[in-house]
Structure formats: C-alpha cells, structure tokens
Amino acid sequence: MHLTDGLNPQQHQAMTAGIGQVIVLAGPGSGKTRVLTQRIAYLINHLGVSPFNILAVTFTNKAAREIKDRVHTQLGQAPRGISLGTFHSICARILRREADYLPFDRNFVIFDQDDQKGLVKQAVRDLNIDEKMYRPNQIYNRISNAKNDMVLADDFPVNTYRDEVIQRVFTRYQALLLNSNAVDFDDLLLWTALLLNEHPEVRAKYSQQFQHILVDEFQDTNQAQYELLRHLSSTHNNIFVVGDSDQSIYRWRGADYRNILRFQRDYPTAQTILLEQNYRSTQTILDAAMSVIRPNPNRTHKELFTDRGQGEKIIVKEVFDGRDEGRFVIDTIAKLVAAGKADPGHVAIMYRINAQSRELEEAFLHANLPYKLVGAQRFYGRREIKDILSYLRLCHNTHDEASLLRVINTPRRKIGRKTIDTLRSQSRADDLNMSAVLLSITSQEDSPYIAAYSSAALKALYAFGEKLLRWHALASDASPLDLMDRIIVDVDYQSYLEDGTDEGIERWENVMELRRLAAEYKERRLVDFLEETALVSDQDTYNPSANAPTMLTLHASKGLEFPVVFIVGMEDGTLPHSRSFDDPEEMAEERRLLYVGITRAKDRLYLLHSLNRRRFGYTEPADISRYLNDIPHELIDGGRPSGIEYSLKKRKFEIQTRWKSEIKQPKPEPIAQFQAGDSISHSIFGEGEVLDSKLEDGDEIVEIIFEGGIKKRLIAALANLKKL
DNA sequence: ATAAAGTGACTTTTT
DNA sequence: GTCACTTTAT
C-alpha cells in the first residue's frame, strides 16, 4: 500500500508538510492519529530521516503503543531506535541518563499520587502544622499545580499567611523526596525542563538527537511540557503538533489549551492545517456535538461534517433514579442486541464521576450480565499490588521511605508504631533516611542507634533488616520475577493474603497476575519494570476484547470510539458538575467534556437524565442538565421539546406516578425454593450445597458453597439451579 | 503490639 | 454510604 492511499487533501497536506513547525487542528474522528503515524512513516521513508532522530510524545501508553504499531504496519518493520512514549516515560529516561547533573542518583524511584499525598502529610506533621486546618490533600494540589507551572518552592507566590505555610510544606516535601532518592510525577517533567534550561550542553545533545519532534493531544500540555518541547526543538525548530482545543479536558491538571495560541505566537512561521472531515459519527451526532460546544466563548468554530449521512436520531431519556437508569441502559442494550443492531462490546456507558459507576454495576450484576470497567479501582492501586511493588522498589532503592513504611510491618512482624517513630526520629536527627538507620542497626554491631530499642523491637528490626539486605543484593542482578518470588516466599505473603475469604483469594490472584507481568521482563532490568508499572494510567487498562459493554468516565473516553454510547447523569450538578459552577473556565471545560463524550459515538447516542440523584448517600431531586436544552429538537427522537417549553414539574409528576403504578403491579411474591442443606448443581460452578436462602426485593438470594470451597451468592431466578 | 470500634471527610476529572 | 485514619480496649 502506498503511503498516501486514502488520505483526504488536508490529511495529505499535513503528512507531507515541509520541515519546520506544523500545527494540525484536528476535530474529533478526523483521523489525527492516522496523520501522525503517516507523518512519521513519511519522515522515515521519503525524507530519509533515521528513526533515531525522531521523538514522538503522547499522554498515554496506549496512544504510544497504537502509534508504534501503526508505524510498524506502515513501514513493514519496526522503527528501530525511535523515541516514542509518554511525556513522563521519555522524561524518566532522560533523567536517569543525566542523573549526574541532578540532586538524585540514577536509581531514583517514581512516587505516585498516593505516595505524594502521604509525603505531604509527613511534611505537614514534621513541621507541626495543624492537619485539620491544612489538609494534606489541598496542599498537595497547590504543590502539584505550582510544579506544573514550573514554580519551585522558593518562588512559590506568597500572598497570605496560608500561602506562607504551604510554601514551608512545599520546601519540606521536596527535601523529603530527595531524602528518599525519589521524584514525583510532576518532577519528571519539571526536572527535565530545568535540566535542559540550565545545561546548554545537555539541551544541545537532545535537541540534536531529536531532529523531528511530534506531539499528540497538544491541547493537554502544561507549562512544563511546553517549555520542554521548546528546549528540545531549540536547535532545529522541527516540531509537528496535533491537537483540538475543544477537547481540552485536563485544565485541573495544569493543561492549558492556550498553548495552541502560544505555539502560533512563538512560531509565527508555523503552518496551520485544519482537519474537519469526520470519519466516525453520523451527521446527527456531529450536529448535536457542535450545538453543545458552540456556546463556549473564545473558540474558533470547526464545522464538523461527514459523508455518513444523518443516521439515527438521538434518544433523550428521562428516568426516575439511578436504579431506573441502569435498568433502562441494560434493557436498551438487550433490545439492540436482540435486534442484531449491536454487539454488547460495541456499547459504552459514560459518566461524569466514578461514583456513578456503582449503581450501574449493580444493575449489571443484578441482571447477571458481564461488563468492563475502565479505571476506578485500578489494578495498580490495589493494596496487594502496591505492597509487592513497594518491596521491589525498596530493594532497588533502599532510600525509598514511602515503600519502607508501607512494607516494614506488612505482613505483621511486630514492628509497631513506637519502633517506627524511634527509627524516624533517629534518622531525622542525623539527616539520614530511615532505611539507613535500619541497615546500620542490622549490619553494625556497634551501631549507635541500637540502645534506643527494647530487645524485642531490636529482634524484629534485625530480622527484617537482614532480609532487606539479602534482597537488595539480589536486586542488582536477579530478574524482577526471581526477586519477587524470593520476597513472596520469604515473607509468606500468600498466607498473609489468604485469610479464608473470597477477597483473600482474589487478592492472591492479583499478585499472580502481577507475577505474570513481571515474567515478561525476564531479559530486562528491575528498573524498567518499576518504571513502567509506575507510569501506567487508567486509560491503559481499557481492554477492547471481551464482548461486554464498557463503563468509563467521560475523561477516560477520550481517544476511543464506540458504535453505541450512553451518557448518563445529564443533570445540573453532575454534568456540569457543581464544583465548576463558579468558574467560567471550568464551566467551559464541562462543555468540552460532554463534547468529547458525544463525539465518541459512531451510530447511536443515548442521553439520560434522572429526576433523582444520590448524593452523599441521600437521594435528592435533580434538575435536567442545561446542555440538553442546547441540542435542537429535530436531532432528538420524538422531537422532544427542549428549552423553556419543557415543563420539568409536570414531567416529574407523570414519571413518579408512572413509576408507582409500575411497581404496584402485583408481582407474584416468590416463594423460597431452596433452603440450607439442599444439594444443587449449577451449569458453570458445578455441584454445591446451599448455605442460606433469603428473599430480598422479591428475589430469592441463595448462598452456596461449591465444590472446592468457592462461595457464591446467586439469584435463584437467574442462576438456573437444579436440585439434586 | 494488635484488633476492634469510632470518627470524619469526602466525590470531579488522572499522567 | 464508604473509606481511611484515629482512638480505645485487650
């Protein structure tokens, strides 16, 4: 296949643009990834650029992988030597290589958000600041925002006393990070930008290597990332960026879509290319999307068009509450599938906040239907996974206090709070870190720290310290897998997890899953394993296989597409979220968020709003989202009235009475068919014994222990149980 | 030193 | 209603 096959004139223009600065403003579904990959292939094949001289940056590993795969296909071989990855991973690599210039060594660990919050808390405590007044969470946000804007602790703007306190915490926090030989997520970008800024020779080196720079999702860059790109392109100014300011949804993380304007100002000779033709959605969906985004101020309108035709109208559905919402979604999917109009795997259900997934999940569980969840309780956020990774991190870099604190008494090994406090104060007094004190106690008979402990405490510390020394020695040449196995055996992690509950078994299975991942790093170093596990994102957890509907936040939906999309919770307070009400910039972002969601849909779009919404455990009446009124009636199925004609109170009443009459319908009261002691068989789980059976909400819930000791709670009407 | 019981914040979105 | 963290009891 020739490189230019199937490209429209604008895409072709972008691909073949000369060297220099190019900005591609790409509407949703306009083939921007395609342009990016073909551009890379073009550089290599037509301009004879060595892959070694190309840098392509994305925001997620998934996007990076996708581009890499597609370039591979395009070229017929892997682009060897190309630098292609997320901002964070590219920066981590540079920092390790250039550690000599930096205040940490090349074995630094990367602190994730949990570690960061814990460290802020630590800093607050160290300084004897009231945690109630100065919430670590809030301070963490201020610090993170400052770093994204390239503001260091010394330059932190102080306007109030509170700012002054935050500045002190910031300073302390940064010192603690270095004490652990660690950097946080924000530091990866910040340190790299500072490094390039302050060391012309390093800047020249990388700028000369990366002769051609390509950036995906440019609207999501923050100040640090922008400066980074400026430095990296400083000797040649060959920079090709792709973005869409209407899809900028990470403002709260420091992203600034105005970087697009800055780019055009900083590079007045930049070529601008507009991609407006959409290859994904029906015209109806595009029209709805445009009607939602149009009211945003200060934007250049893009007229999205497609040759796919009008397609189906949009369905707007009012439901009574979250339960009703879930039932409607499931019912509708069932009907579409039965009619052969969609596969379950073609469906996405999107919401504003993660908490909304719960009621939807319950609906699926109740109906006994499978689903996929993106993000939420992510794999790498699980306790058992963090435990094991902390062990590995600690072995790799013993200075890592966050990891030490996590594992020093997990599983319980009689090292309690008092012992840990002593360890901490000793380390602070001598300006060391806690591991250094621990290892001193372990390996030096005349260690000055020994006297402070009881003999029982000393014994416990000694036992752990010795293990740590052995693992640390192993860490330099054993594979990640071997080290992990050694640790798991040495601390008997399995019996710690498996406490006889289903949850314990599940946790152990997760550890085994991590073990499988580690096994893939046989030929690679521990540091690579740790780095890649630290930098996976929720969005990377999306698994397109398995034929089941996907639930995800609107944020997580960016970059994906689905034939059928449900957007639930279209209510003022949820979408737009009430936290955004008082800031016009944030309100504009809420619109963009909905715009992103709508434009994920290829064929069918359902917008649901509920009359009642659960908040803080209590159900409250909710108002329809203002955005629904911006969608013209003719796009909506049934020509449903929108705007002021729409009488909310009347509708509320109708729906409530309808709902009541529905539930009043005499449903035959089921009689419990099973009782404790019955022997039964199940098509999947095999034979088992009933432990308990009770009626809940008109369903018979049976608790069964199957052969092999697996306990399950099943709904009798759905589980198809046979009495034996 | 640990397990149990109680308290209070929290819900926006995440590399 | 839930989680994480703190206090209290053993």
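Refer to the structure printed above.
Residues numbered from 1 in each chain as written. Chains lettered and ligands numbered in written order. Predicted model: local features only at pLDDT ≥ 70, side-chain atom pairs only at ≥ 80, totals over all residues. Heavy atoms only, no water.

### Quick word on the sheet that holds strand β8 (residues 271–275)
The strands making up a sheet associate through backbone hydrogen bonding, with each pair oriented either parallel or antiparallel. Stated precisely, the cut-off is as follows: A pair of strands is considered paired only if DSSP assigns at least 2 bridges between the two. A run of H or I in DSSP becomes a helix once it reaches four residues, and a run of E becomes a strand once it reaches two; helices and strands are each numbered from the N terminus. Structural elements are reduced to axes, namely lines fitted to C-alpha atoms, with helices fitted over the stretch in contact, and the angle between N-to-C directions of any two is expressed from 0 to 180 degrees. Any two residues whose heavy atoms approach within 4.5 Å are treated as being in contact.
Taking strand neighbours across the sheet as the criterion, the six strands line up as β3-β2-β6-β7-β1-β8 in an open arrangement whose pairing is parallel. The sheet terminates laterally at β3 (83–86) and β8, the two strands that pair on one side only. Averaged over all neighbouring strand pairs, the angle between strand axes comes to 15°, with direction disregarded. Here strand β6 (residues 212–215) pairs with strand β7 (residues 239–243) via three bridges, running parallel. Looking at β7, one finds that Leu 214 is bridged to Phe 240. Contacting β1 (21–26), β7 and β8, helix α1 (residues 9–16) runs over the sheet at an angle of about 145° to β8. Lying over the sheet, helix α11 (residues 259–266) contacts β1, β7 and β8, oriented at roughly 150° with respect to β1.

### What to know about the protein's contact with DNA strand B
We apply this condition: Nearness here has a simple test: a residue counts as near a molecule or strand if at least one of its heavy atoms is within 4 Å of that partner. Under this definition, polar contacts are N or O atom pairs within 3.5 Å; protein pairs additionally need one hydrogen-donor-capable and one acceptor-capable atom, and for neighbouring residues in sequence, both atoms have to be side-chain atoms. Gly falls in the polar group here, along with every residue not listed as nonpolar (Ala, Val, Leu, Ile, Met, Phe, Trp, Tyr, Cys, Pro) or charged (Asp, Glu, Lys, Arg).
Close to DNA strand B lie 25 residues, the nearest being Phe 59, Arg 352, Arg 412, Ser 537 and Arg 579. Among atoms of DNA strand B positioned within 4 Å of the protein, sugar and phosphate together represent 57%. Within the backbone of Asn 354, a nitrogen or oxygen atom sits 2.8 Å from a phosphate oxygen of DNA strand B. One nitrogen or oxygen atom from the side chain of Arg 412 is found 2.8 Å from a phosphate oxygen belonging to DNA strand B. Class assignment of the residues belonging to the surface near DNA strand B gives a composition of five nonpolar, eleven polar and nine charged.

### Structural notes on a negative patch on the surface
Worth spelling out the cut-off: Patch rule: a residue counts if its relative accessible area is over 30% and it has no salt bridge; like charges are joined within 9 Å, and nonpolar side chains (Val, Leu, Ile, Met, Phe, Trp, Tyr) within 5 Å. Only the protein chains shown count as covering a residue, and every accessible area follows the Shrake-Rupley method with a 1.4 Å probe. Any carboxyl oxygen of Asp or Glu that lies within 4 Å of a side-chain nitrogen of Lys or Arg is treated as forming a salt bridge with it. By the counting rule applied here, Lys and Arg register as positive and Asp and Glu as negative, while His and the ends of each chain are not counted. Charged groups are reduced to one reference atom each: NZ for lysine, CZ for arginine, CG for aspartic acid, CD for glutamic acid.
On the surface, a cluster of negative charge is made up of Glu 498, Asp 499, Asp 502, Glu 506 and Glu 509. Mapped onto the elements of the fold, Asp 499 is located in the loop between α21 (493–497) and α22 (502–519).

### A word on the packing of aromatic side chains
The condition is simple: Only Phe, Tyr and Trp rings are paired, with Trp represented by its six-membered ring, and only when their centres lie within 6.5 Å; those with planes under 30 degrees apart are stacked, over 60 edge-to-face, the remainder tilted. Only protein chains enter the area calculation, which uses a 1.4 Å probe; residues under 20% of their type maximum are buried, those over 50% are exposed, and those in between are partly exposed.
Under the criterion given, the structure shown has 15 aromatic pairs. Taken together, a centroid distance of 5.2 Å and an interplanar angle of 70° make the contact between Phe 104 and Phe 108 edge-to-face. For the pair formed by Phe 104 and Phe 108, the shared burial category is buried. Ring geometry for Phe 104 against Trp 191: centres 5.6 Å apart, planes inclined by 75°, an arrangement best described as edge-to-face. In this pair, Phe 104 sits in the loop between α4 (87–97) and β4 (109–111) while Trp 191 sits in helix α8 (residues 185–198), placing the two residues 87 residues apart along the sequence.

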